[in-house]
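Listed below are the residues making up each chain.
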Amino acid sequence: MKSVITISRQYGSGGRFIAKLLAEKLGIPYYDNELITMAAKESGYSEAIFEKAEQLSTHSFLYSLSMFGSTDGIYGLPLADKVYIAQSEIIKKCALEGPCVIVGRCSDYVLKDFDNVLNFFIYSDEKSKIERAVKYYGLDADKAAGELKKKDKKRANYYNYYTSQNWGGYDNYHLSINSDAVGIEATVELLASYVKAYDNK
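Residues numbered from 1 in each chain as written. Predicted model: local features only at pLDDT ≥ 70, side-chain atom pairs only at ≥ 80, totals over all residues. Heavy atoms only, no water.

Novice: Honestly, the sheet that holds strand β3 (residues 100–103) in this entry has me stumped. Any pointers?
Specialist: Strand pairing in a sheet relies on backbone hydrogen bonds. The paired strands run either parallel or antiparallel. An order of β2-β3-β1-β4-β5 is seen for the five strands of this open sheet, with the pairing classed as parallel. Strands with a single pairing partner mark the edges of an open sheet, and in this sheet they are β2 (30–31) and β5 (175–178). Looking at chain direction, strand β1 (residues 4–9) and β3 are connected through four bridges and run parallel. Bridge pairing links threonine 6 to isoleucine 102 in β3. (Pairing = 2+ DSSP bridges. Helix = DSSP H or I, 4+ residues; strand = E, 2+ residues; numbered from the N terminus.)

Right, dumping it as structure tokens:
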């Protein structure tokens, strides 16, 4: 096992659960919210700031213009960019320590210069995403569809802002898969087989 695996996902697609199961199956570390705790400890910023990174990022350019008169911000960078950089350094550090599964946070882009990284994107049909969001995330059934769109829009804005690439674009990932076309367990098995084939090529 030599690959570092990044998993990007639509909200409600089961991507986080798939990532965790994949890490367990492969016997490697799993990083999701752990990255927030690690980045906060390393940088000195509060975890709350990292948790709101997606909201900050889409406004950082306008924020720095309005507050400081330039795109430089305080000490050369607005807060959102400092948070992104701190988080990126932790992602790189985790990848350098060995094979692992990293969820979201532009990790596929952050690790673009690593030669042992596999990038997966998990998506699903709207009906399945709504059902999952209501059952596991506690969203109101009548408002779930709207909330899903808002969540994915924030993720797309965050990703597009920092990478200048298209979130969910097929050419950013080694494999994109509809998790509900085959089911969660089968998706995990498929990804594990892909990783094995990639490592043995």
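Novice: What is the right way to read the packing of aromatic side chains from this model?
Specialist: Both the distance between ring centres and the angle between the ring planes are used here to describe each pair of aromatic rings. Following the criterion strictly, the structure yields eight aromatic pairs and no others. Note on tyrosine 84 and tyrosine 162: the rings are 4.0 Å apart at their centroids and 5 degrees apart in plane angle, and the pair reads as stacked. In this pair, tyrosine 84 is assigned in helix α6 (residues 79–96) and tyrosine 162 in helix α9 (residues 144–163), connecting sequence segments 78 residues apart. Of the residues examined, tyrosine 162 reaches a relative accessible area of 12% and is grouped as buried. Plain terms: the ring middles of phenylalanine 121 and tryptophan 167 are 5.3 Å apart, the flat faces sit at 80 degrees to each other, and that makes the pair edge-to-face. (Phe/Tyr/Trp six-rings, centres within 6.5 Å; stacked < 30°, edge-to-face > 60°. Buried < 20%, exposed > 50% of the residue type's maximum accessible area, 1.4 Å probe, protein only.)

Novice: Which parts of the structure should I look at to understand helix α11 (residues 184–199)?
Specialist: In an α-helix, one full turn covers 3.6 residues, which means residues spaced three or four apart are oriented alike. Under the 1.5 Å per step criterion, the end-to-end length of α11 is 23 Å for 16 residues, consistent within 8% with the ideal 22 Å. Three or more residues of α11 are buried, namely Ile184, Thr187, Val188, Leu191, Ala192, Val195, Tyr198 and Asp199. For α11, the angular spread of buried residues about the axis comes to 135 degrees, placing them on one side. Residues of α11 that are exposed and angled more than 90 degrees away from the buried face: Glu185 and Lys196. Residues of α11 that are buried sit in contact with β1, α1 (15–26), β4 (117–123), α8 (126–137), β5 and α10 (179–182). (Expected span 1.5 Å × (residues − 1). Arc of directions from axis to C-beta. Contact = heavy atoms within 4.5 Å.)

Novice: Teacher, can you tell me more about the pairing of β3 here?
Specialist: Side chains on a regular strand alternate between the two faces of the sheet. Covered by surrounding structure in β3 are Cys100 and Ile102 together with Val101 and Val103, the residues of both alternating faces. Pairing of β2 with β3, which is carried by two bridges, proceeds in the parallel orientation. Pairing of tyrosine 30 across the sheet is with valine 101, part of β3.

Novice: Looking at this structure, I do not really get the environment of tyrosine 198. What am I missing?
Specialist: Along the chain, the position of tyrosine 198 falls in helix α11. The exposure class of tyrosine 198 is buried, given its relative accessible area of 17%. For the pair tyrosine 198 and valine 117, spaced 81 residues apart in sequence, the C-alpha separation works out to 9.9 Å. Setting aside its immediate chain neighbours within four residues, tyrosine 198 contacts Ser3, Asp115, Val117, Leu118 and His174.

Novice: What exactly am I supposed to notice about α6 here?
Specialist: Helix length check: α6, at 18 residues, gives a terminal C-alpha distance of 26 Å against a target of 26 Å (1.5 Å per residue), a fit within 8%. Of all the residues in α6, the buried ones are Ala80, Asp81, Val83, Tyr84, Ala86, Gln87, Ser88, Ile90, Ile91, Cys94 and Ala95. Of the residues flanking the end of α6, it is glycine 98, one or two places downstream, whose phi is positive at about 135 degrees.

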